[in-house]
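For reference, the chains in residue letters:
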Amino acid sequence: MDRREFIKACSVVALMQVLWGCRRLPDLSGAKVPEIAEFEREVRLALSRAKGAFDLVQVPMPGPLEVHGASPVNRFGMAIDLDACDGCGKCILACMQENNIPLSSKGERDAGRFMHWIEMHGGAPAMCFHCGNAPCEKVCPTGAASHTPDGLSTMMYKRCTGSRFCGANCPVGARKFNYVDSVKEGLARKFNPEVPLRSKGVMEKCSLCLQRLQDHKHAQMATRPGVEWRGSGLKTACSEACPKNAIIFGNWLDQDSPLVQEAKHRNLYVPREIANLDPSVVYMRGRR
Amino acid sequence: MYRILVYIGAALLLLGAFAFGVSLWEGPTAWHTDVRTFWGIPISLFVLWIGLAHAGTLISAIFLALGYPLGRRTSMVAELSTLCSLAVAALFPLVHLGIIENFYMVVPFLDARGNFSNLRSPLVWDFCCISVYGLVSLLFFATHLFSEKFPDLKKLIRPMAWLLFPLVLWVHTIVSLDFAVTFVPQWRGAFFPLYFIAGAIYSGLALVIILLTAEHCRVRVLEKLMLGLSWFMAFFWLWEFLLKGSFSFEVVFLGAVVPQLMWLRVIRENAFGRLLVAFSVLVSLGLERYILVTPSEYNAAEYFSWTDLGLVSFSLGLFTTLFFVFRAKFSSLLEGEDVVMGEIVLQQDESDKESEKVSLPEKNDFSILRLPLLLGVLVTLLYVVWAISVENTNLAPLSVVNVVPLCLPLLVLVASFTLCARPLWGISGKRVKVVCAVLAGILGCLAGAFWAGGSSDVPSGAVSVQEIDSTKTAEFIWSSRCAGCHGQDGKFNEKFVREFYPLPQKLTPVRLDTLGEDSLVKVILDGRVNMNPYRGRVSEDEARGLVRYMRHLAGEGE
Ligand code: SF4
Ligand code: SF4
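This structure is a prediction, so every number in the text was calculated from the model and none was measured. (Residues numbered from 1 in each chain as written. Chains lettered and ligands numbered in written order. Predicted model: local features only at pLDDT ≥ 70, side-chain atom pairs only at ≥ 80, totals over all residues. Heavy atoms only, no water.)

1. Here we look at the overall build of chain B
When helices and strands are counted, chain B shows 21 helices and 0 strands. Residues classed as buried in chain B amount to 50% of the 558 residues present. Intrachain contacts of chain B at a sequence separation of at least 6 include 77% that bridge at least 24 residues. Within the structure as shown, chain B displays about 26,200 Å² of accessible surface, and the carbon and sulfur contribution to it stands at 68%. (Helix = DSSP H or I, 4+ residues; strand = E, 2+ residues; numbered from the N terminus. Buried < 20%, exposed > 50% of the residue type's maximum accessible area, 1.4 Å probe, protein only. Contact = heavy atoms within 4.5 Å. Areas by Shrake-Rupley, 256 points an atom, 1.4 Å probe, with all protein chains shown as cover.)

2. A look at the pairing of strand β2 (residues 76-81) of chain A
All names here are of chain A. Within β2, 6 of the 6 residues are buried, which leaves the element mostly enclosed by the surrounding structure. Residues of β2 alternate between two faces, with F76, M78 and I80 on one and G77, A79 and D81 on the opposite face, all of them buried. Across 4 bridges, β2 lies against strand β11 (residues 281-287) in parallel orientation. Counterpart to D81 in the pairing with β11 is M284. (Pairing = 2+ DSSP bridges.)

3. Description of the environment of M233(B)
All names here are of chain B. Mapped onto the fold, M233 is located in helix α7 (residues 220-244). On the basis of relative accessible area, M233 is assigned to the buried category, the value being 0%. M233 sits 44 residues away from G189 along the chain, and the two C-alpha atoms are 15 Å apart. In contact with M233, not counting residues within four places along its chain, are Y195, A198, G199, Y202, L285 and E288.

4. What to know about the site of ligand 2
All names here are of chain A. Taken together, 13 residues form the shell around ligand 2, and within it C95, N99, C206, C209 and C238 come nearest. Listing elements by their share of the shell around ligand 2, those giving two or more residues are α3 (90-99) and α8 (237-241). Split into classes, the residues belonging to the shell around ligand 2 amount to 10 nonpolar, 3 polar and no charged. (Near = heavy atom within 4 Å. Nonpolar A, V, L, I, M, F, W, Y, C, P; charged D, E, K, R; others polar.)

5. Details of the nonpolar core
Ranked by size, the top nonpolar core spans 193 residues in total, and within it Y283(A), W39(B), L119(B), L167(B), F179(B) and L222(B) carry the most contacts. Element by element, the count of residues in this core is highest for helix α2 (residues 41-65) of chain B, at 17 residues. Here L222(B) is in contact with I59(B), F63(B), T74(B), L205(B), V208(B), I209(B) and L212(B), once residues within four sequence places are set aside. In terms of nonpolar packing, the next biggest core, distinct from the first, is built from 20 residues, A543(B), M550(B), L553(B) and A554(B) among them. (Core = buried A, V, L, I, M, F, W, Y, C linked by side-chain atoms within 4.5 Å.)

6. A few points about the environment of L163(B)
All names here are of chain B. The topology assignment puts L163 in helix α5 (residues 154-180). When the C-alpha positions of L163 and A78 are compared, they lie 17 Å apart, and in sequence the two are 85 residues distant. Leaving out residues up to four positions away in the same chain, L163 has contacts with L369, L373, V412, A415, S416 and L419.

7. So, the site of ligand 1
The full set close to ligand 1 counts 13 residues, and C128(A), F129(A), C131(A), C136(A) and C170(A) are the nearest of them. Classifying every residue of the shell around ligand 1 by side-chain character gives 9 nonpolar, 2 polar and 2 charged.

8. Thoughts on the environment of L65(A)
All names here are of chain A. Locating L65 in the fold gives a position in the loop between β1 (56-59) and β2. Using a relative accessible area of 10% as the deciding quantity, one classes L65 as buried. In the structure, L65 is positioned 214 residues away from P279 in sequence and 9.7 Å away in space, judged by C-alpha atoms. The contact partners of L65, leaving out residues within four places of it in the chain, are A70, R75, G132, H147, T148, P149, G151 and D278.

9. Side note on the interface of chain A and chain B
Interface size, as often reported, equals the accessible area lost upon joining of the parts. Listed per partner, the contact involves 64 residues of chain A and 64 residues of chain B. Of the roughly 5,500 Å² buried between chain A and chain B, counting both surfaces, carbon and sulfur atoms make up 61%. Taken together, chain A and chain B are joined by 0 salt bridges. Our count for the contact surface shared by chain A and chain B stands at 16 residue pairs in polar contact (both at pLDDT 80 or more). At the level of secondary structure, the elements contributing two or more residues to the side of chain A that touches chain B comprise α1 (3-21), α5 (135-139), β5 (145-147), α6 (165-169) and α7 (210-223) of chain A. Here the residues of the side of chain A that touches chain B are counted per class, giving 32 nonpolar, 18 polar and 14 charged. (Buried area = accessible area lost by both parts, 1.4 Å probe. Salt bridge = Lys/Arg side-chain N within 4 Å of Asp/Glu carboxyl O. Polar contact = N/O pair within 3.5 Å; in protein donor to acceptor, adjacent residues only side chain to side chain.)

10. Examining unusual backbone geometry
All names here are of chain A. A positive phi angle is found at H130, which is not glycine, with a value near 45 degrees. Tracing the chain through its elements places H130 in the loop between β4 (124-126) and α5. What makes H130 buried here is its relative accessible area of 0%. Phi is positive for N245, which is not a glycine, with a value near 55 degrees. For N245, a relative accessible area of 44% corresponds to the partly exposed category.

11. Overview of the pairing of β1(A)
All names here are of chain A. Burial along β1 is one-sided: V57 and V59 are buried, while L56 and Q58, pointing the other way, are not. Pairing of β1 with strand β10 (residues 266-271), which is carried by 4 bridges, proceeds in the antiparallel orientation. Within β10, the position partnered with Q58 by the bridge is Y269.

12. Re the packing of α2(B) against helix α11 (residues 306-329) of chain B
Residues and elements named next belong to chain B. Orientation of α2 relative to α11, taken along the N-to-C sense of each, is 30 degrees, at an axis distance of 10 Å. When the interaxial angle is binned, α2 and α11 end up roughly parallel. Where α2 crosses over α11, the handedness of that crossing is right-handed. Listed contacts from α11 to I41, P42, L45 and W49 of α2 are D308, L311, V312, S315, L316 and F319. Partitioned by chemical class, the residues of the contact of α2 with α11 number 8 nonpolar, 1 polar and 1 charged. (Axes fitted to C-alpha atoms, helices over the stretch in contact; angles between N-to-C directions. Parallel < 35°, antiparallel > 145°, perpendicular 65-115°, else oblique. Left-handed = near helix turned anticlockwise from the far one by under 90°.)

13. Concerning the sheet that holds β10(A)
Hydrogen bonding along the main chain pairs the strands of a sheet, whether they run parallel or antiparallel. All names here are of chain A. The strand order across the open sheet formed by 5 strands is β1-β10-β11-β2-β9, and the pairing between neighbours is mixed. The two strands at the open ends of the sheet, each matched to only one other strand, are β1 and β9 (247-251). Going from strand to strand, the sheet's axes swing by 40 degrees on average, the running direction of each strand aside. Where β10 lies against β11, 4 bridges are found, and the strand directions are antiparallel. Residue R266 lies in a different strand from β11, and its bridge partner there is R287.

14. Some remarks on a nonpolar patch on the surface
All names here are of chain B. Taken together, the side chains of L238, F241, L242, F247, F249, F253 and V257 define a hydrophobic patch exposed on the protein surface, amounting to about 740 Å² of accessible area. For the nonpolar patch, the secondary-structure elements that each account for two or more residues are α7 and α8 (249-257). You can see L242 is positioned in helix α7. For L242, a relative accessible area of 64% translates into the label exposed. (Patch = residues over 30% accessible without salt bridge, like charges linked within 9 Å, V, L, I, M, F, W, Y side chains within 5 Å.)

Without other data, these values stay purely geometric and don't point to any function.
This is how it looks when you write it as C-alpha cells:
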C-alpha cells in the first residue's frame, strides 16, 4: 500500500467516525424541566384537536388469552364506560404524570402528533387496546414488543431499534414514537421515579401501568405469601383519575373483579379494526 | 465518457450528502412523516433500489440459467448494477432506524441473555434475505468477472445462476410481505408479491437500458420485455384502482402510457428516445413506491421537503459514482473481445448467443452442485430445528411457518459458498487471502460481541431528572421479612439477636463487597447458620434487590 492509499483509507475511517459520532447522546446536565401547567395546557390543546370517532362493533367479554404460556388466572384489562365519560381529559394528564410522558415539540404538534398514550377519538378516550393477538408484536423485528402472560402488551425500550414497523401495523394508531429527544429539549419531567424516561428513537405506548401491577404483586408476595396474586384492589392511573369512574380496571378472569362485575351487565364494544384481535380494553355502553 | 458520468454522480452525491448527514443527525424527523406515516422516503428508496438490483440478476442469472445467455458485457453491466444498487438499498433501512446502533438486534441468533429476534417479523426475513442476496451476488459477479482469465471458473457460472434465480424471486416476495402482512388497508392484497416482482423487474430493466445506452449498445430483448411489463404494471394499477380506489395520474402516465412510445420507430431507434422512456419508467416507479409507503389521505409527494429530495439525489449520486468507478476499473475484464466500443451494436443478442453457447457447460456439469446443496439442506434443517426449539424471551413459541422464509436464503448461502470457496481461493492472490482472513477474524469478534449483548444500562443522560428507583419494593420486603432480626435500618434488632450465638456480623460495605452479591443471594435463599432459608418466600430477583438494599443501608450508616 503506498502513501496515498494509506491516507485515503485513513480519511475514510475518519469520515465514518464523524458520521457515527453524530448519533452519540449529547450531554444533558442542566436540561430544562417543564412546569406542570405546561402539561395541562398541552392536554387542553389535544382535546381541542380530537380525532374522529371509532366505528364500534359489539364483542363478547374477553376470556383467557389464546396464547401458549398465558396465565390461566390473570388477564388484565379495562372497560371504558361511554355513558359516563364526558371527555374531560383528566385521564390523559394522569397518565402523563404516572408514566413520565414528555410534552411534544412545536414541530411535532404541527405535524399533528402528541406523545399522549391516551387520545380522544370523538370524545372517547382511547389507549392501546392490549390486543390478545397483537399485530404490533408480530412485526417487531427484535422482539421488543412482546406479551406478558397476564395479557399486557409491553415494550422493552432497551431492545427497540426504532424500525417503527409496529407503529405502522397498529390499526388504531396507539403507538407513539419518540421523534425528538425530549430530555434534551426540556420536554420531559420525571414525575414518577419508577418509570424510566424514554430515549429518542424508541416506540412507546400505554403499558396498562405495568409498574403499578409489579409493585402490587411484590407487595402482596411480601405481606401475604402463598395467596395467589390476582391484582384485586388495583387501579391504573387513568382509572384512578377519572372523576366519573368511567374507566374500570380489573382482571377479566376474576369473577369478583369490579371489571367483570360491571361488564357483565353491559354491552361491550371495540373499534371495528381490532374487533377480531381479541382486545383486553373495551368500551361499555347501555345496560343489558 | 465515464469520467463525466462519475463527475455527475459525485455532484449529485455531494448535494445529497448533506441531506444524508442531516438524516443521520436528526433521525426520522429529518424527512416527511405524519400521523399515519411512520416510514417515509428512506423506505421508498429502499424498495425502489432493491427492485432495481433485481433486474440485474434477472438479466444475467435468470437468462443464463434458462439457457438464454446475453452478451458478456450486457450481463456484466447488469450484475455490477445489481451490486451497486444493493449497496445503495442497504443504506436506507439503516438511516430509517430510530436507533441505528441497535440494528444488529435483528439478526436471528440468540444472545447470552436469551434475547432472540422475532422471527415472525418480515423485517427479520428481509434483513437475512438481503444480506444473503448481496453476498451471493458478489460471489456470482466475482466468478463471472474472473472466468475470462481463469477458465476453470466457467463451469461454476451456470450452477450459480441456478442458485440465484429462485433467490431473487424469493427476496422480492419477502420485501413485498413487509407491506402485505400488515393491517394498513392500502397495503393489503395477496397479489402484492407478484405486483412487487413485476415492478422491480420493470424498473430494473429501465435502469439496465439506460446503462447500456451509456455503453453505446442496446439489447432488443430487454426493450421488448420492458414494453411487455408495462402492460403488466398497467394491469396491476387497474387492479389496485378497482380494489382500493387508489390511483395516481402521474404514475400511470409515466409508467404505462409513455413506454408505449416504443412502438414508434423514431423513438425506438433513437438513443435519446430510449433514454426518455426509460427515465420516465424510473420516475414513475419511484413515485409509485413513495405513494405506497405513505398511506395518507392526501398526496404525500406534495409534501416533499428538501431532505427528501436530498436523499433521492444522494441515492442517485451514490449509485452513479459507484457504478462508473467500478465500470472504469474493471473495463478490461468486463468487455469481451467481440464488442467494439463506441459503436451501436445492433442485434447484439443474436450474435452473442452463438459465441456464448460454446462455453456453456454440459448438463451433467450440475453434478458439482450436489454436495453444496446437500450441505445447504443440512445446515438449513439444523437451523430450523434449533430456532424452533430454542428458549427465548417471546411468549408464544415459533412455528415452522415463521422460519420458512429464511430457509431458501440459508440454503443458497451455504451452497454457493461451498461451491465457490475452493476455486476462488485457488485463484486469489496473497493480498486477497490476507484480507479474507482478517475479515473472518473480525466476523468472529463481532459474533462474540453479539453473544455478549449490548449494555442494558439506561443511558445516564436520558434519565437526568432522577435515578430510577426500585428501592421502594426492596424496602417493603425488607421491612416485612428481614427487619424482624436485622432491624429496620440494618443494624440488628439488639434485643432479639442477643439470644443467638455467635453474634452475626455487622453489615459494612466492605464486608458486603467481599461476600459478593451472588453468594449473599444464595444465603438469603438457602439460609446459613441461624439465618432461615427464604426460598419460595422471596424470588431470586427480590433477593437480589434485598442485597442491593442492604448495601444501600450499609452505605447510609456511615
Ligand atoms: S391496540 Fe395497537 S399497540 Fe395496542 S396491542 Fe393492539 S395493535 Fe398493539
Ligand atoms: S392504563 Fe396506565 S398507561 Fe395505560 S392509559 Fe391508563 S394511565 Fe396510561
